[in-house]
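Below, each chain spelled out in residue letters.
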Amino acid sequence: MAKEWVLNQAMNRWGLNKKSSVGPVSDLIRNCSPRTLEEWQAYYFEHAYPMEHLEELGRKLYVKVSEVVQHEVAEVTEKDCTDYMKDVVVRRTFEGYQTEMQTIYGQLEKELGVPVLPSPDEWDRLYNVDFHIEIDGKTIGIQIKPVSFDFTFENHKWKAIHEATRLKFRAKFGGDVFMVFSSRVGDRKIIKNDDVIGQIRDEIRRLKSS
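Residues numbered from 1 in each chain as written. Predicted model: local features only at pLDDT ≥ 70, side-chain atom pairs only at ≥ 80, totals over all residues. Heavy atoms only, no water.

Contact pair helix α7 (residues 104–112) / helix α10 (residues 195–209): the axes reach a minimum separation of 11 Å and the direction vectors enclose 55 degrees. What the angle tells us is that α7 and α10 run oblique. Relative to α10, the crossing made by α7 is right-handed. Here α7 contributes L108, E111 and L112 to the contact with α10, which in turn contributes I197, I200 and R201. Along the lines of polarity and charge, the residues of the contact of α7 with α10 split into four nonpolar, no polar and two charged. (Axes fitted to C-alpha atoms, helices over the stretch in contact; angles between N-to-C directions. Helix = DSSP H or I, 4+ residues; strand = E, 2+ residues; numbered from the N terminus. Parallel < 35°, antiparallel > 145°, perpendicular 65-115°, else oblique. Left-handed = near helix turned anticlockwise from the far one by under 90°. Contact = heavy atoms within 4.5 Å. Nonpolar A, V, L, I, M, F, W, Y, C, P; charged D, E, K, R; others polar.)

The structure is reproduced here in C-alpha cells:
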C-alpha cells in the first residue's frame, strides 16, 4: 500500500497519467467496449500507444521517485515535521474557522447564538432543508439560496413552491422552515434577507416556550 501511494502521488504530480501522456483512455475504452482485459489491452496498444511507450513512462516515473522524491525526502528534518504538525493543527485550523465564520451558516450561528447543523442529504430532497437548528427536541429547518443583487423576493414565489414540504417538515419535526438568501460582496457572502434572522429568533422562542 505504501509503495502504491508513492507511485500514485508521483504519477499525478508529474502528469504521467494525463491524456497528453497516455491518450484519451476513458473515450478509448468506451469505443472498445471490451469483454476481457486482453481485448482492451490489444485495443489500447493498437489505437493509442504501444507497450514500449508505457514502459518509457514507467522509466520516467522511476527517475522521479528514485531521484527527485528521494532527494526531497532526505531534506526533510525533524524540525520540518514538528513545524508542519503545529501549522496544520493550529494555524490552518484557525484559518478554516475564520473562513467558516464568513459563510452564511457561520453568520447565522453568530447572530442566533445556537449551533446550526448540516442536515442529512435526504432532507434536501424531502423538505428542501440544508441546515437545521435543534431546540428542546424540536427542529428548525433552513435552506440557503444564492441570489444576484437585483433579485426580488416577491417574484421568487418561494412560498408557493415550498409550502408542501415546509408543512411536512413542521408536522414531523415541530419547527418551521426558513429560506435564507445569500449574496456575495467582494470575498464575503452576506445574508440578503436579514429580516429572516428575527423570524428564526421568534421561532426559537416559540419552541422553547411550547
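Let us keep going from here.
By size, the foremost hydrophobic cluster in this structure holds 20 residues, and its most contacted members are L108, I133, I142, V180 and I200. Among the elements of the structure, α7, β2 (131–135), β3 (138–146), β4 (174–185) and α10 are those that each provide at least two residues to this core. Element by element, the count of residues in this core is highest for α10, at five residues. Every residue in contact with I133, bar those within four places of it in the chain, is listed here: L112, V114, P115, V116, K138, T139, I140, I142 and I200. Membership of the second largest hydrophobic core comes to 10 residues, among which are A10, V22, W40 and L57. (Core = buried A, V, L, I, M, F, W, Y, C linked by side-chain atoms within 4.5 Å. Buried < 20%, exposed > 50% of the residue type's maximum accessible area, 1.4 Å probe, protein only.)

Bringing unusual backbone geometry into the picture now. Phi at S33 takes a positive value of approximately 50 degrees, unusual for a residue other than glycine. Position of S33 among the secondary structure elements: in the loop between α3 (25–32) and α4 (37–47). Non-glycine residue D136 carries a positive phi angle of around 50 degrees. Note on placement: D136 falls in the loop between β2 and β3.

This part takes up helix α5 (residues 51–75). Along an α-helix, a turn takes 3.6 residues, which lines up residues three or four apart on a common side. With 25 residues, α5 extends 36 Å between its outermost C-alpha atoms, agreeing within 8% with the 36 Å of an ideal straight helix rising 1.5 Å per residue. Residue V69 marks the point of greatest curvature in α5, where the axis turns by about 30 degrees. Turning to α5, its buried residues number three or more, namely L57, L61, S66 and V69. Contacts from the buried residues of α5 go to α1 (2–13) and α2 (19–22). (Expected span 1.5 Å × (residues − 1). Bend = angle between axes of the 7 residues up to and from the residue.)

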